[in-house]
Amino acid sequence: MSEINDPAIVGHQTPRIDGEDKLTGRATYTTDWQVTGMLHGYPVPATIAHGTLEALELDEARAMPGVVDILHHRHFPELQRSPNSMKHGDQVSEVRLPFEDERIYYHGQYIALVVAETFDQARAAALCVRARYRREHDVRPGLLSGDAEGETVDDYSRGDPDIAFASAPVIHDATYTIAPESHVPLEPHVTLAEWHGSEPRLIVHESTQGIFYERNALARIFDLPAERVEVISHYIGSGFGNKLFMWPHAVATAAAARLLGRPVKTVLPRQQDMMSTGQRPASRQRIRLAADPDGRLMAIHHDSTSETSLVDRHVDACGGATPSAYACDNVATRQRLLAVNHGTPCPMRAPGEVSGIFALESAIDELALELDMDPLALRLRNYADHDPQRDLPWSSKQLDVCLKGAAERFGWAARDPRIGAMRKGDEIIGYGMASATWFAGRQPCEARVEIRADGSLLAACGTQDIGTGTYTIVAQAVAELTGVPVASIDVRLGETSLPAGPLSGGSMTTATALPAVAAATRDALDALQEIAVGPGGHFAGHDRASLEVKEGALVAKGQRAGFAEILARHRLGSVSGKGSAAPGGERRQYSFRSFGAHFVEVRWDPGISRLRVARVVSSIDVGRAVNPLAARNQVEGAIAMGIGMGLLERLEYDPRDARLINANLADYRVPVHADMPDVDVELLDYPDFRFNEFGARGIGEIGLTGIAPAIANAVHHATGKRVRDLPITIETLLDSPLIMT
Amino acid sequence: MQMSLSPPDATLTVRLILNGEPVTLEVPPQAILLDVLRDQLHLGGTKKGCDHGQCGACTVHVDGRAVNACLRLAAMCEGQAITTIEGLAEKGQLHPVQEAFLVHDAYQCGYCSPGQIMSAVALLEDPEAATDDAAVRDAMSGNLCRCGAYRNIQAAIADARRHLESNAQQQGRQP
């Protein structure tokens, strides 16, 4: 592996190569695809959360204009379930097939799919489907509606936390909760399915973060060889985790298309998208910290419970980051799971850890106050300069640089730690901070690169760009190694006919895809060099090792031949290279994580309790940012989402019957332009070559971790009110000692 | 007597100016402008995000004003000028707002971008609209960007405003 030092293109701000298509409306998202003869599907959601579907009255809907068919439990083909294996690449979000039985497990579960000639005909008919249910009253409305603890699914411990707690002079013990959150990708979930031929081939357009997972799962479900299923996703209107794995609407749509012999497109209505394509589950976490009077952590206990559904088992592992967060000899974490009558939860940006870090980093702030220490100093005192969980060195950890640098830029030293002591106009100013972290991982990946006769290059990889900028960084990597401008590199992603690429998830795409793309680029250059030094070549008789690659040409001893000239001389349309890459033994030698620090200023008006985030200063250490323009955007976007998590977002389930009551964008509040504070994001540049030759660890999730606790800590500083339940709504501050009455 | 929810079968004729070209449409009376643009006229740039006027992804211009196309019946547009994102670039030249979005990376997934851009253009062309940052953020708050590229969008709008003003001054100086 050759480290890419002093790069010309990688690590430099690069406008997106797909930008013009997105900004002119030319980019075709799945919702935009149309094919001849296409029908429209519109699901009918269950209006209860727990019981049995007794009857469907369909006559009126069937008689509506344009209605072609209505699929439901008694009118649906016999299909097989997907094995649901992460390892075998066929994981799905919900194993239960659509309409599989007549049980209702959650509000919004599909009970029928209306198929009609136009979208508005399908919608009108869906609204005329009548269902009769037998409700059952032992409903489980949600983790936060009761005190059930659930079953233990995972635990970890080192040292002896109980002995430490028995002797510790200072103990903090508190419980934190986080409301369920909705991903709300602006493009709703959508499937367009078409079947071709008598030996059937299934082509599916899906707005997905994982084309290969969907392909493999569809192959199992429809009992087809995987090569006869193609999944396409060129542009994705974001995902944040709920488009990682396939949901039942895709199965229902593909089944309808096969049954009716015509393509069918189902765009989930926003309400159904929020009810039935996953959410960050609610969590309840108890954190216990033991410390000596100097602030050295003696023990950490982190007990978490998260929700799952009654049809599937999703574990949101809240304590994942805790064992490696601080230098502490005695640590125990436990994860419990409680099944409730909600749609199946799924990963949402920085799943598990972002929730755990809210609890842990709030608790650390509370401990600092109990110890009368600066929260920043307490974190530095317990700095883990190696990974205490795995007892390995970090590949590269610049958290201290992040903490000190961001504190400096923020002006943390000027903070008056007394509650409510800092004011401007009608508002009280609160300062808070927290650390950020997210694991760094990579997956196996394949890629292909072609050098073409017109001098352009093609790079192909079966991953997808969910808005993070994957198209552009692939072009940057190829440009870096060939000297061909980014604009002359045609990047193909989002088709399962391309070499197998990774999920767009876990902040792993950059570190996974780029080494494979680099290997394929080198292989293509190798093919070109072989031709150039062969009989009749521009460099016939030269040693291949003497050829340099410069600005789209091969160069040796003052002689230069452009890629296109070489291909033209040999009457070749292109040469092609393949590459693959996978994690190696490095994980046995090092622990890999990204780190960061967020400093937040809130303003709170004690007269009307108006609360806002006014300023965020962040430093982020992700190794090298391949495209700092898009990488900074990722962090700023994560800060916006963190403000949502901290102050706004809460899916509300009726505690009486578990019905989701705010499944729309007016009642479920996501941050808008007016919520966005002043933001100052610094991306550190410490390339992590122990991880890959690009030195990049990935950027998508780290920025979200730590924002909510930094806000909560700032809210305490401003109001004197410690809020341990997210979101922090202004009514919870009305009993602040500082409120003006 | 049971009221029928079935829509009437008849269609209406609607004449409008779409991206500068006269267009005559046959639409059912209940047809939504957004669905007509996308499904009937194959203009997919105007995005569908919620069908409830809550996300702004479907923003178009109706006689120069930013409107949620999902909240408007096509039949209401008789005689009106509709501009979509496809009609913004002129002769292949990006509109200054599109150019500014590109330079400032004012998007991530791009799904909300057509709506953001249409709102921004209408705002910049509105002589009544306040121009300070807070007013711009307020005016743009009907356009959700879940990726959270808000800072870059705001920077792009400020940049485009400077660009448009300097263009206007230059044109003013010419005879």
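Residues numbered from 1 in each chain as written. Chains lettered and ligands numbered in written order. Predicted model: local features only at pLDDT ≥ 70, side-chain atom pairs only at ≥ 80, totals over all residues. Heavy atoms only, no water.

Caption draft 1: Looking closely at the overall build of chain B. Helix and strand counts for chain B stand at five helices and five strands. The linear arrangement of helices and strands in chain B, starting from the amino end, is β-β-α-β-β-β-α-α-α-α. The dimensions of chain B, computed from C-alpha atoms along their principal axes, are 65 × 40 × 30 Å. Buried residues in chain B amount to 50% of all 175 residues. Considering only contacts in chain B between residues 6 or more positions apart, those separated by 24 or more positions represent 56%. (Helix = DSSP H or I, 4+ residues; strand = E, 2+ residues; numbered from the N terminus. Buried < 20%, exposed > 50% of the residue type's maximum accessible area, 1.4 Å probe, protein only. Contact = heavy atoms within 4.5 Å.)

Caption draft 2: Geometry of the overall build of chain A. On a plain count of helices and strands, chain A comes out with 16 helices and 28 strands. The dimensions of chain A, computed from C-alpha atoms along their principal axes, are 85 × 75 × 50 Å. Sorting the 741 residues of chain A into buried and exposed places 66% on the buried side. Within chain A, counting contacts between residues at least 6 apart in sequence, those at least 24 apart form 81% of the total. Roughly 25,300 Å² of accessible area belongs to chain A as shown, and the carbon and sulfur atoms make up 47% of that amount. Here chain A holds 74 positive side-chain charges and 96 negative ones, and the gap between their average locations is 1 Å. (Areas by Shrake-Rupley, 256 points an atom, 1.4 Å probe, with all protein chains shown as cover. Lys, Arg positive; Asp, Glu negative; His and termini not counted. Charge placed at Lys NZ, Arg CZ, Asp CG, Glu CD.)

Caption draft 3: How the structure looks around the sheet that holds strand S17 (residues 427-439) of chain A. All names here are of chain A. Pairing within the open sheet is mixed, and its five strands lie in the order S16-S17-S25-S26-S27. The two strands at the open ends of the sheet, each matched to only one other strand, are strand S16 (422-424) and strand S27 (678-683). Each strand of the sheet is rotated relative to its neighbour by a mean of 25 degrees, with strand direction disregarded. With 10 bridges connecting them, strand S25 (residues 593-604) and strand S26 (residues 611-621) associate as antiparallel partners. (Pairing = 2+ DSSP bridges. Axes fitted to C-alpha atoms, helices over the stretch in contact; angles between N-to-C directions.)

Caption draft 4: Layout of the packing of helix H8 (residues 353-371) of chain A against helix H16 (residues 707-719) of chain A. All names here are of chain A. For the pair H8 and H16, the least separation of the axes is 8 Å and the interaxial angle reads 30 degrees. For H8 against H16, the interelement crossing comes out right-handed. Taken together, the residues of H16 that come into contact with H8 (itself represented by Ile-357, Phe-358, Glu-361, Ser-362, Asp-365 and Leu-369) are Ala-708, Pro-709, Ala-712, Asn-713 and His-716. Of the residues that constitute the contact of H8 with H16, the class distribution is six nonpolar, three polar and two charged. (Left-handed = near helix turned anticlockwise from the far one by under 90°. Nonpolar A, V, L, I, M, F, W, Y, C, P; charged D, E, K, R; others polar.)

Caption draft 5: Fine view of the nonpolar core. All names here are of chain A. Judged by nonpolar contacts, the single largest core of 164 residues is most densely connected at Leu-289, Ile-451, Val-602, Ile-711 and Ile-728. Counting residues per element, this core draws most heavily on helix H12 (residues 509-533), at 12 residues. In contact with Ile-728, other than residues within four places in its own chain, are Leu-611, Gly-646, Leu-647, Ile-711, Ala-712, Val-715, Val-723 and Leu-733. Residues Val-92, Leu-97, Trp-195 and Ala-226 belong to the second largest nonpolar core, which totals 36 residues. (Core = buried A, V, L, I, M, F, W, Y, C linked by side-chain atoms within 4.5 Å.)

Caption draft 6: Quick look at the domain arrangement of chain B. Residues and elements named next belong to chain B. Entries for chain B in the domain assignment read domain 1 (12-87) and domain 2 (96-173). Using C-alpha coordinates to define each centre, domain 1 is positioned 21 Å away from domain 2. Listed by partner, the interface residues are 15 residues for domain 1 and 12 residues for domain 2. Summed over both sides, the interface of domain 1 with domain 2 buries roughly 1,100 Å², with 62% coming from carbon and sulfur. Summed over the shared surface of domain 1 and domain 2, the result is five residue pairs in polar contact (both at pLDDT 80 or more). (Domains from an automatic or database assignment. Buried area = accessible area lost by both parts, 1.4 Å probe. Polar contact = N/O pair within 3.5 Å; in protein donor to acceptor, adjacent residues only side chain to side chain.)

Caption draft 7: Region of interest: the sheet that holds strand S15 (residues 331-340) of chain A. Residues and elements named next belong to chain A. Read across the open sheet, the six strands follow the order S7-S15-S14-S13-S8-S28; overall the sheet is mixed. Strands at the two margins of the open sheet, each flanked by one partner only, are strand S7 (151-158) and strand S28 (725-726). The strands that H8 touches are strand S8 (170-178), strand S13 (283-291), strand S14 (297-309) and S28; relative to S8, the one it contacts most, it runs at about 145 degrees.

Caption draft 8: Fine view of the UniProt feature "domain: Aldehyde oxidase/xanthine dehydrogenase a/b hammerhead" (unreviewed entry) in chain A. Annotation from UniProt places "domain: Aldehyde oxidase/xanthine dehydrogenase a/b hammerhead" (unreviewed entry) at residues 24-137 of chain A. Helix makes up 11% of residues 24-137 of chain A and strand 31%, and the two end C-alpha atoms of the span are 52 Å apart. (UniProt positions renumbered as here; feature names shortened; annotations may be inferred.)

Caption draft 9: Molecular detail of the interface of chain B and chain A. Of the residues lining the interface, 54 residues belong to chain B; the matching set on chain A comes to 60 residues. A buried area of about 4,700 Å², summed over both sides, lies between chain B and chain A, and 54% of it is on carbon and sulfur atoms. Its largest share of buried area at the contact with chain A, chain B owes to B:Gln108, B:Arg146 and B:Arg151, together 19% of the area lost on that side. Linking chain B with chain A are five salt bridges. B:Arg151 is the salt-bridge partner of A:Asp678, the closest N and O atoms lying 3.5 Å from each other. Between the two partners, chain B and chain A, sit 32 residue pairs in polar contact (both at pLDDT 80 or more). Going through the elements one at a time, helix H1 (33-40), helix H2 (96-103), helix H3 (113-125) and helix H5 (150-173) of chain B are the ones with two or more residues in the side of chain B that touches chain A. (Salt bridge = Lys/Arg side-chain N within 4 Å of Asp/Glu carboxyl O.)

Caption draft 10: Expanded view of helix H5 (residues 211-221) of chain A. All names here are of chain A. The buried count for H5 comes to 10 of 11 residues, which makes it a mostly enclosed element. Within the sequence span of H5, burial applies to Ile-211, Phe-212, Tyr-213, Glu-214, Arg-215, Asn-216, Ala-217, Leu-218, Ala-219 and Ile-221. The inward-facing, buried residues of H5 contact strand S10 (201-206), strand S11 (229-232) and helix H6 (248-260). Remark: Asp-223 follows H5 within two positions and exhibits a positive phi of approximately 55 degrees.

Caption draft 11: Representation of the state of the cysteines within the structure. All names here are of chain B. Following the criterion strictly, the structure yields zero disulfides over all chains and no others. With no disulfide partner, Cys-77 has as its closest neighbouring cysteine sulfur the one in Cys-58, 12 Å distant. For Cys-77, a relative accessible area of 0% translates into the label buried. (Disulfide = S-S within 2.5 Å.)

Caption draft 12: How the structure looks around unusual backbone geometry. A:Pro727 follows A:Leu726 through a cis peptide bond whose omega is 0 degrees. Residue placement: A:Pro727 occurs in the segment after S28. Phi at B:His42 is positive, roughly 60 degrees, even though this residue is not glycine. By the secondary structure assignment, B:His42 is in the loop between H1 and strand S3 (59-62).

Caption draft 13: Region of interest: the packing of aromatic side chains. The final tally for this structure, using the stated rule, is 17 aromatic pairs over all chains. A centroid spacing of 5.1 Å and a plane angle of 85 degrees characterise the contact between A:Phe76 and A:Phe99, whose relative ring orientation is edge-to-face. Placement of A:Phe76 in the loop between strand S3 (67-72) and strand S4 (103-104) and of A:Phe99 in the loop between S3 and S4 is noted, with a sequence separation of 23 residues between them. Of the two residues, A:Phe76 and A:Phe99, neither departs from the other in class, the shared state being buried. Aromatic ring contacts, followed pair by pair, group A:Tyr29, A:Tyr235, A:Tyr471 and B:Tyr111 into a single cluster. The ring of A:Phe165 is capped by A:Arg288, whose NZ or CZ atom sits 5.9 Å from the centre of that ring. The ring of A:Tyr383 has A:Lys397 lying over it, and the distance from NZ or CZ to the ring centre is 4.5 Å. (Phe/Tyr/Trp six-rings, centres within 6.5 Å; stacked < 30°, edge-to-face > 60°. Lys NZ or Arg CZ within 6 Å of the ring centre and 35° of its normal.)

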